[in-house]
Every structure is written in C-alpha cells, then in structure tokens.
Amino acid sequence: MMAARIDNGTPLERAAPAETIIDVKGLGKTFTLDSGPVIALESVDLTIRKGEFISFVGPSGCGKSTLLNMVAGLLPATEGAATLNGRAINEPSRQVGFMFQTAVLLPWRTVEENVLMPAEVFGTKSEATRQKARTVLEAVGLRDFMNAYPRQLSGGMQQRVSLARTLTYEPDVLLMDEPFGALDEFTREAMNLELMRITQAAGITVLFVTHNITEAVFMADRVVVMTPRPGKVSGVIDVELPRPRTIDQMQSQTFTDLIFKVRGILGHGQDSHA
Amino acid sequence: MAKTVTLDAEPVKAASPYKNANQELRYKLYTLAIIVVILAAWELAPRMGLVSPIILPSFSAVVGALISLMQQDFFLRHFSVTLTEILIGFVLGTSIGLALGIALAVWPTAKRIAYPFVVGFQAIPKIVFAPLFIAWFGFGMSSKVVMAVVISFFPVLINTLVGLESVPEDARKLMRSIKATPLQTFRKVSLPHALPVIFAGVKAALTFAVIGAIVGEFVGASEGLGYLVELYKNQLRIDRVFAVIVILAAIGAGGYFLLEWLDRKLIFWRTDAQGK
C-alpha cells in the first residue's frame, strides 16, 4: 500500500525514538471568578515526541481546550510550565498552527488569499509562498477552488481551506480544537484520513482535541484521557495500531479493546456525554 | 495508488432571495400599483373638492410648480447652498463618527470613560440645538453644517463601535496565534468585518445630514431649500412647498441609492442572512 504524499515528504517511519518537541510539566490553570477560584486544569505532565499524533478526549469541562490554549501560548498557565523545542512557551509561536471548530475564513478573501493571509502577517508573501499555497491546496483537493470565496464552499471544504492556511506556513506542531466537530459523520471521517495522511507525510506533530472516543483512538499514537471537576489527565493510552490507519482497523479486537479502555477511565459515574 | 477522497465536489450556491423571477416581477407590479393609486388619489382629491387646493394642491399642480420653480434664476443658488450644507455635514459627521467609533473600540479605557457621555448625548433630541447654533455660528451655512454634523455622526459612531466589537472571538484568536500586530488584526480582520455594519450607519447619517441642514434653515436662514419651504408656506404657495419637498426627497433618495450601490460594490461578500 502506498501512502499519498505531500511535497516530497516520506511517510514517517516510527522506528527510532524521536526527540521531544513539547514538554509539559505540572501545568495547571485556575480561573478566578467572582464566586471564587475554579480549577480548570490540574497539574498535567506530558512529554510529546516529534511527529507524534496525540488525541485529547473527555467530556466538556475536562480542561482539554484549556490545555491546548496554554500549549498554543494563547493562555498563560497559573502553575507549572510547558516548553516547545526546549524553549518556554509564554507567547504564540509561528512554529505552531492552531485550528478551530469553525474554519474562521475571511469572507472577503478568496481561498488563495485566505491561505496566504499568515504569510502577509509574517511579511513573507512571495512567489515561493504562492507556490507553496498552490501545492498545499492541491494536497487538500482544492486546487480548482483557489479563486472561490468561502461562502461558495461547503463546511468540509472550508475546513480544508483552514487546514491549508495552517500547513502553508509549515508549522512543526498543529493544535486542533475539535476541528471537524461541526461536520457531518462522512465528511469528518474523510477529513480525519486526509489529516493523518498529510501530517504523517510532513512529519507534523498533532495535538487533537475531541469528545469523540472512536475518533480519538483511530487517529492517535497516544490518547490522553481527561476528566472534569477539576479538569485533569486521568490516563494516557498507547495506540499500537499500524499506520497508515484504515477504516477496517476499527473492526479489529485491538481497536474495540482500546475503546473500552478509554471508556473505563472516563466512566466511574462521570457523565461522559461523549 | 494515492487515494483521493473527493467529497463536497459541488460548491454550495447562495439561495435566491426570491422563489423565482416570476414572483419578483409580481412584487414589483404591486409596488407600481400602489404608487399609481396614491398619485391618482392625490390628483383627484383636490379636483373633486374633497380637500382645498390651498391645503393639498393636486399632483399635476405640484409637477407644474416644480417645473416653474426649477426655471427660476434663484433656484440654483438655494439648491446648491442646501446641497453643500448636506454634503459637508455628511462627510464631516461620518468622519467624526468613524474616528470616534474606532477610538472607543480599540481603546477600552476611552470607551469606559466616554460611553456615559455618548449615551447621554444620544438621549438629547439634538434638534433643540438648532437655535443655539444659529446664535453661535450665524445665519450662514456654517450653523447648518454644524447641525448636520451633530445629528449625523452618531449612527456612524455607534455602528462602528458595534461592528468592531462583533469580531468573532476565534478570528481574534487566529490572529493572535500567528502573532499578528494589533494594526494587522485591525486592517485585515476587524475593519472589513465591521464594514457592513458601519455602512448601515453611514446610510443613516446621510438621511440625518439632510434633516440637520433643513432644520437649521427652518430656524434661521436667508437661503437654501429649507428657507424656501418657510417662505412659500408664509406666502401660502403650497404647490411650491410640495415642489421643494420633492427636490429634497430626490436629494435624499439619490444619495441613498448612490451609497447603496457603493455598499454592494464594496461589501461584495455580504450574504442574504446578514441583511441590508
């Protein structure tokens, strides 16, 4: 089976133990509200290797989005620290791409102009970045829609533009906050497969937040299971299914066992409306 | 083989505001029919003696008065005085509203301090300032321009503020995640996002500028279309009063449609859901 590729990237061989890219130590967040302090996230320890795909799964209020925002440098931690490539994270970094549940496209810009927006902000817009944008749009299947406006695209296509916008500036890390949560089941499945293919080929580390257990297990090298009140990491599960992942693997006993394992951690009287 | 997953191959088309062209035509015919009925009633009521022609001159009499008025030598002077007052008042009012709106939106401290004044000012019926402005700025054009500015800047100010503050949180977050400067975020995201709302305020400002100039002329002036209305009313030449009203309506409508056209050119991405 040949994996589709982006650029000249080769599918990542996960033989040698890769280096650490993100290191989270005792990271926590307490919000101070009028009614008193609320612990959104209790001290998290996590070491993520380069090229790893990590899913964060848990019900609302488990602090998974809070954790993602702190790793993104968008939210300051109240305890502990996180590093990216050995440097403390205390502000956003251009090595990190962030994707939201909605595509967050600018409706007055064409697909191509949206994808090139970060390059304008960085002051790096050039023929090279235009070429890169075209390559990436090709990879997400939107080459023919470069001059279309967002409102002419379906929800799934808009999220692909959003993905292309992020990939064009070649981040080392992709942070995704329920990126396909608003899409229908079929589109989401297709997007998930594409996402894995593209990030694997480019060797991008992915932190993927979801409340869908099946999706979390299917995508990840490791699933970080989180529980609420207070938000904390309740378990980390290794997913030792071969890559590239296929839909058929979802029928395997290993897969079913992993789902039960995640459910087991989430369970125990918690109202896990996942 | 590289597997390409092609979903959503067809772009979603924006739904037509009307079910079909046929229905659109029917609506236009209804509008036309209502206009015809109104004009017919206007023409017939004075002719049939239902109202005195001094109170309501017939439609044809007004058309006649309009034509004869526009042929008068003095007409162009009065017309251009009022038009100038409206235009200067509108441009200044819009600029001030825009500048203040942006200042309050990007500078939270300024908003906290100034907002009570803004709301308080809005509560005043600004027309009461007209006699004061005549006393301060004289019978000439400047007092009318000030009046037009004072009542027209407000919708622009409020709409600019509301528009800039309605930028979705995720869009701000996206800009922060790529370390955009506040100016970059403003220019690339906030301002274009707010533009449809700002433009609605600008359209209102034009109507208000017309009101400001005319009210100023009512209160004290020696030229202008508002002055003509006062003059002809005192002379009981109601047909000419109506003729001036028609001209003022034409100025307002002309400006509005010009802005409407500009709006559609400028804000081409507006969807039906966002309204007019």
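In what follows, the structure referred to is the one given above.
Starting afresh in each chain, residues are numbered from 1 along the sequence in its written order. Throughout, the order in which chains and ligands are written sets their labels, letters from A for the former and numbers from 1 for the latter. Residues qualify for local features only when their pLDDT is at least 70, as the model is predicted, and side-chain atom pairs are given and counted only at 80 or more; totals for whole chains, interfaces and linings, by contrast, use all residues. As a rule here, side-chain values cover all heavy atoms of the structure and leave hydrogens and water aside.

J.: Help me understand the overall build of chain B, please; the structure alone is not making it clear to me.
T.: Within chain B, the regular secondary structure consists of ten helices and zero strands. In DSSP terms, a helix is any run of H or I states spanning at least four residues, a strand is any run of E spanning at least two, and both are numbered starting from the N terminus. Reading chain B from its N end, one meets helices and strands in the order α-α-α-α-α-α-α-α-α-α. The globule rule used for comparison is 2.2 Å times the number of residues to the exponent 0.38, while the radius of gyration itself is calculated over C-alpha atoms. In summary, chain B has a C-alpha radius of gyration of 24 Å against a globular reference of 19 Å for 276 residues, an excess of more than 25%. Its C-alpha atoms give chain B principal-axis dimensions of about 85 × 55 × 30 Å. Between two residues, a contact is recorded if the distance between any of their heavy atoms is within 4.5 Å. Of the contacts formed within chain B by residues at least 6 apart in sequence, a portion of 72% connects residues at least 24 apart. Counting only carbon and sulfur atoms, one obtains 71% of the accessible surface of chain B, whose full area is about 15800 Å². For chain B, the distance from the average position of its 25 positive side-chain charges to the average position of its 16 negative side-chain charges is 7 Å. Exposure was quantified through the Shrake-Rupley algorithm and a 1.4 Å probe, taking into account, for residues, occlusion by the shown protein chains and nothing else. Lys and Arg are tallied as positive, Asp and Glu as negative. Neither His nor the chain termini are counted. The atom standing in for a charge is NZ when the residue is Lys, CZ when it is Arg, CG when it is Asp and CD when it is Glu.

J.: How do you make sense of the pattern of salt bridges when you look at a structure like this?
T.: If the charged atoms of two oppositely charged side chains come close together, the side chains can form a pair. Definition used for salt bridges: Asp or Glu carboxyl oxygen within 4 Å of a side-chain nitrogen of Lys or Arg. A complete count under the given rule lists 23 salt bridges over all chains for this structure. Of the charged contacts in the structure, one is a salt bridge between Arg160 of chain A and Glu194 of chain A, with a shortest N-O distance of 3.7 Å. Here Glu194 of chain A lies in helix α6 (residues 185–202) and Arg160 of chain A lies in helix α5 (residues 155–168), a separation of 34 residues in the sequence. Pair check on accessibility: Arg160 of chain A and Glu194 of chain A agree, each one buried. Members of the salt-bridge network, linked through shared partners, are Arg109, Glu120 and Lys125 of chain A together with Lys188 of chain B. For every residue, the accessible area (1.4 Å probe, protein chains only) is compared with the maximum for its type, and the residue is labelled buried under 20%, exposed over 50%, or partly exposed between those bounds.

J.: It is not clear to me how the sheet that holds strand β2 (residues 36–49) of chain A should be interpreted in this structure. Could you clarify?
T.: Paired through their backbone hydrogen bonds, the strands of a sheet run either parallel or antiparallel. All names here are of chain A. Strand order in the open sheet formed by four strands is β2-β1-β4-β5, and the pairing between neighbours is antiparallel. Edge positions in the sheet fall to β2 and β5 (87–88), since each has one partner strand and no second. In short, DSSP must find at least two bridges between two strands for them to pair. With two bridges connecting them, strand β4 (residues 79–84) and β5 associate as antiparallel partners. Bridging from a neighbouring strand, Thr83 pairs with Ala88 of β5. Here helix α1 (residues 64–71) sits on the sheet in contact with β1 (20–33) and β2, set at roughly 120° to β1. Lines fitted to C-alpha atoms define the axes, with helix axes restricted to the stretch in contact, and inter-axis angles between N-to-C directions lie between 0 and 180 degrees.

J.: What am I meant to see in the interface of chain B and chain A here?
T.: Often, the extent of an interface is quoted as the loss of accessible area upon association of its parts. Chain B puts 26 residues into the contact, and the matching count from chain A is 37 residues. Accessible-area loss on putting two parts together, using a 1.4 Å probe and summing over both, is the definition of buried area adopted here. Buried surface at the junction of chain B and chain A, summed over both partners, amounts to about 2900 Å²; 63% is from carbon and sulfur atoms. At the junction of chain B and chain A, the tally comes to two salt bridges. For Glu91 of chain A, the salt bridge goes to Lys179 of chain B, with nearest N and O atoms at 3.3 Å. Pairs of N or O atoms within 3.5 Å make up the polar contacts considered here, provided that, within protein, one atom can donate a hydrogen while the other can accept it, and that residues adjacent in sequence are counted only when both atoms are side-chain atoms. Summed over the shared surface of chain B and chain A, the number is eight residue pairs in polar contact (both at pLDDT 80 or more). If you list the elements that add at least two residues to the side of chain B that touches chain A, you get α7 (169–177) and α8 (182–219) of chain B. Counting residues per element, the side of chain B that touches chain A draws most heavily on α7 of chain B, at seven residues.

J.: Looking at this model, I keep getting lost on the environment of Val71 of chain A. Mind explaining?
T.: Residues and elements named next belong to chain A. The topology assignment puts Val71 in helix α1. The spatial distance from the C-alpha of Val71 to the C-alpha of Ala81 is 9.3 Å, given a sequence separation of ten residues. Each residue touching Val71, except ones within four places of it in the same chain, is listed here: Ile22, Val24, Ile89, Leu175 and Leu207.

J.: Quick question: what am I supposed to make of the sheet that holds strand β6 (residues 96–99) of chain A here?
T.: Residues and elements named next belong to chain A. Strand order in the open sheet formed by six strands is β6-β7-β8-β3-β9-β10, with mixed pairing between adjacent strands. On the outer flanks of this sheet lie β6 and β10 (232–238), each paired with one strand and no other. Neighbour-to-neighbour, the strand axes of the sheet open up by a mean angle of 15°, direction not taken into account. On the sheet, α5 packs against β6 and β7 (173–177) and is oriented at approximately 170° with respect to β6.

J.: Help me understand the packing of aromatic side chains, please; the structure alone is not making it clear to me.
T.: Given two aromatic rings, their pairing is described by the distance between the two centres and the angle made by the two planes. Put simply, two rings from Phe, Tyr or Trp (the six-membered ring, in Trp's case) pair if the centres are within 6.5 Å, and we call them stacked under 30 degrees between planes, edge-to-face over 60, tilted for the rest. Per the counting criterion, the structure on display carries 18 aromatic pairs over all chains. Where Phe98 of chain A meets Phe100 of chain A, the ring centres are 4.9 Å apart and the plane angle is 40°; that geometry is what we call tilted. Like Phe98 of chain A, the residue Phe100 of chain A is buried in the burial classification. Chaining the aromatic ring pairs together yields one cluster made of Phe121, Phe129, Phe133, Trp136, Phe137, Phe153 and Phe154 of chain B.

J.: Help me out: how do you make sense of α6 of chain A in this one?
T.: The periodicity of an α-helix, 3.6 residues per turn, causes residues three or four positions apart to be oriented the same way. Residues and elements named next belong to chain A. Under the convention used throughout, the expected extent of a helix is 1.5 Å for every residue step, that is, one less than its residue count. The terminal C-alpha atoms of α6 lie 26 Å apart, and with 18 residues this matches the ideal 26 Å at 1.5 Å per residue to within 8%. Among all positions in α6, only Thr187, Arg188, Ala190, Met191, Asn192, Glu194, Leu195, Met196, Ile198, Thr199, Gln200 and Ala201 are buried. Considering only its buried residues, α6 is in contact with β3 (53–57), α4 (127–139), α5, β7, β8 (205–210) and α7 (213–219). Once α6 ends, the next one or two residues include Gly203, with phi positive near 65°.

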